[in-house]
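Summary of structural features
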Amino acid sequence: MRQIEPITKIPEKVIIPLQQHVGAENTPLVSVGDVVKIGQKIGDGESGILPVHSSASGKVTAISECPHPFYENVLSIIIEPDGKDAYIEFKAEDYSQLEREQIIGIIKEAGVVESGIPVHTKLSPSDVVILNGMDEAPYMTSNRALMLDFPSEIIDGLKILMKATGASRGFIGIDASDSEAINTMNKAAVDDLNIETVPLKTTYVRGMEEFFAKAVVKREISRGHRISNASTMTSTIGTARAAYDAVCMGKPLIETVVSVWGVKKSQNVQAKIGTSLRNVIEHCGGYKGKPKKIVVNGPMTGMAQYTDEVPVIKDVHGILVQYEEDATMAEIQPCINCAKCVDVCPANLLPNMLAAFANKGRFDMCKRYNISACVECGKCAYVCPSKIPIVQLIKCAKEWIK
Amino acid sequence: MSIIVSAPPHIKKDTCTKKMVCGVIIALLPALAVSLYLFGLPAMAIILTSVLAAVCAEGAIQKFILKKAIPTDGSAIVTGLLLALLLHVNVPLWIPLIGAVVAIAIGKQAFGGYGSNIFNPALVGWAVLTMAWPSHMASAGVARLVDIPPFVLLVGAAFLLYMGYIKWQIPASYLIGVVFLSALLTRDGSYIFIGAFILGVFFMATDPITTPLTKKGRFIFGIGCGILTVIYGYYGDYAEGVCYSILLMNSVTPLIDRFMKAKPFVEG
Ligand code: SF4
Ligand code: SF4
């Protein structure tokens, strides 16, 4: 059974923010009134900037500031689809015939981004490429869905990333309890002796590449494999798919797989960049009641939105709708020193001390307690029985220290 | 559409401090029941006095002196119960009364209340009573409320461990410390396993507020308690040894935490 359902209904309007990565905004390459095709580059800029492409064919009706899921308003290109679904010509390549630099160039031109970071900037020479196939359970399952639906594409994508970094080995870390995904990927990689799946126990969340890489490397060493833990490149399943699309299909990044939860029909969908959250939610049967909170990306680190009119952008992998009963805010109690936060912190910090110092404005002490090593994974605040907003306090302190 | 915007995480685990306190009370129930069965009405009177005094003292201090809302966390009940269990069956009822008030007023509120106290409040109450009225607190030959078959307490302890309400490193290292050292002193260790010891190891040395935060610190705390208990018990009364060693280790907890900070995973 297919895990991912593409949204085929053409929305009445598409909003494409000119900034979908960390860094400067793109300059629009089109003007109001222009007719664009699917896949056409509509925003680009100086080097270090990641181009954006149109996900619809139609007329540019406006270029103006629009809401953005992660930032405040961002200059965006608004396109009114004409329903013709006209594509630009995609130029497919055989990656085995390409040089490293050519692959990096194609990936850049396709606008591939991962957690805000343009992927081509990550492709420095490495020995090993590790794909993170772990999902932020229980609501985010887009990685799993991609592995089940597109195993061979992901293996090809991994090979492309390996070629782009010069790596000789590739690993895919998968949740050890998910035998279906492991089997699927093993089958797809059966001919590739230098690609291996790695079953892992813990769940690793966004922004924790270092932890993830360390877990994989540790396992390899424990199995007697020689692997220098010096140079590893960690990436995601979504990036491998995007790399495949970019190189083997010549298609830029104009779609993303989104896990939609808390709607009538919770599922994984493939949404065009620029469709509004509302469109996606309507495709999934709509709200189950009066929504109280709409979160983009996982429940642990995602951003709550103030409107469902924000567009899906490249880095959106999940939408979680919460209602009155699950969005209640618990009363904050004093810290009881129970150390639950300490036990879950992947960065080995003392989250409660950081929160207490941050609360008192003792940023010097925050620094002494290594606040900068916090990856803002949210685990501490999740387990805290006193419901202390630890991550929020840490984030504020970090802002101050900057 | 009225939707709210708040910071992540957007889900929270459903354990709360109230549940943890309730858990400790539930874990103490088997021991309380057996104690009531063995010692009858006097035990009942001591327990009720101690708990009521603790709860009233806490409520009164919060409301009339600090002018804050009366706390509902239930931690005063635990303090009252622990104190009662440490007392001898034949004490006059003003002993638990004074002990509980002292525990709450000096052991807890004087430090800033729930979450800020350095010493286990019940033990503070116990220590003050022991020093002020040694005749009542050290009646040789008379049983304490906690002098019940230790396995009854272990049932509750198992529950606490299973629920993850206590830091397991502390009882583990405490037990190891005691067993090791008493073996070293070539004495038969079996007599250590009395009710008061199990109560100390699983219910008092594991009080979250007054014990180390750092992982390594928890082991040091437990082993420290173990060593002190054996040494004190070697010369004096074991039950007292348990109480004093926990109090002593409470006092160095901030110090332990300061030096046992783990290395951050990634240097920032
Ligand atoms: S968010 Fe909390 S648990 Fe996660 S790294 Fe930061 S302090 Fe540690
Ligand atoms: S989990 Fe919450 S209550 Fe427990 S030590 Fe951490 S901050 Fe304090």
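In case you missed it, the structure is sitting above this.
None of these values were measured; they are calculated from a predicted model.

The next subject is the pattern of salt bridges. Residue and element names in this part refer to chain A. Taken as a whole, this structure holds 23 salt bridges over all chains when the rule is applied. Its salt-bridge partner being Arg 278, residue Glu 12 comes within 3.3 Å of it at the nearest N-O pair. Of this pair, Glu 12 sits in the loop between strand S1 (4-6) and strand S2 (14-17) while Arg 278 sits in helix H7 (residues 277-283), and the two are 266 residues apart along the sequence. Beyond isolated ion pairs, a larger network of salt bridges with shared partners links Glu 12, Arg 278, Glu 282 and Glu 309.

Let us now look at the sheet that holds strand S11 (residues 128-132) of chain A. Residue and element names in this part refer to chain A. If you trace the four strands from one edge of the open sheet to the other, you get S13-S12-S11-S14, paired in parallel fashion. Two strands bound the open sheet, and with one partner strand each, they are strand S13 (195-200) and strand S14 (232-236). Adjacent strand axes in the sheet meet at a mean angle of 25 degrees, parallel and antiparallel pairs treated alike. Strand contacts of helix H6 (residues 237-249): S11, strand S12 (169-175) and S14, with the helix running at about 85 degrees to S14, the strand carrying the most contacts.

What follows deals with the interface of chain A and chain B. Facing the 59 residues of chain A at the interface are 37 residues of chain B. In this assembly, chain A packs against chain B so that about 4,100 Å² is buried in total across both faces, 62% of it on carbon and sulfur atoms. Broken down residue by residue, the surface that chain A buries against chain B is led by Ile336(A), Asn337(A) and Tyr382(A), which jointly contribute 15%. Seen at the junction of chain A and chain B, the total is one salt bridge. Inspection of the region where chain A meets chain B yields 19 residue pairs in polar contact (both at pLDDT 80 or more). Here the side of chain A that touches chain B takes five residues from strand S17 (residues 291-296) of chain A, the largest share from any one element. Each residue belonging to the side of chain A that touches chain B can be placed in one class, and the counts come to 32 nonpolar, 15 polar and 12 charged.

Scoring rules and cut-offs
Residues numbered from 1 in each chain as written. Chains lettered and ligands numbered in written order. Predicted model: local features only at pLDDT ≥ 70, side-chain atom pairs only at ≥ 80, totals over all residues. Heavy atoms only, no water. Salt bridge = Lys/Arg side-chain N within 4 Å of Asp/Glu carboxyl O. Helix = DSSP H or I, 4+ residues; strand = E, 2+ residues; numbered from the N terminus. Pairing = 2+ DSSP bridges. Axes fitted to C-alpha atoms, helices over the stretch in contact; angles between N-to-C directions. Contact = heavy atoms within 4.5 Å. Buried area = accessible area lost by both parts, 1.4 Å probe. Polar contact = N/O pair within 3.5 Å; in protein donor to acceptor, adjacent residues only side chain to side chain. Nonpolar A, V, L, I, M, F, W, Y, C, P; charged D, E, K, R; others polar.

This is a description of form; function is not addressed.
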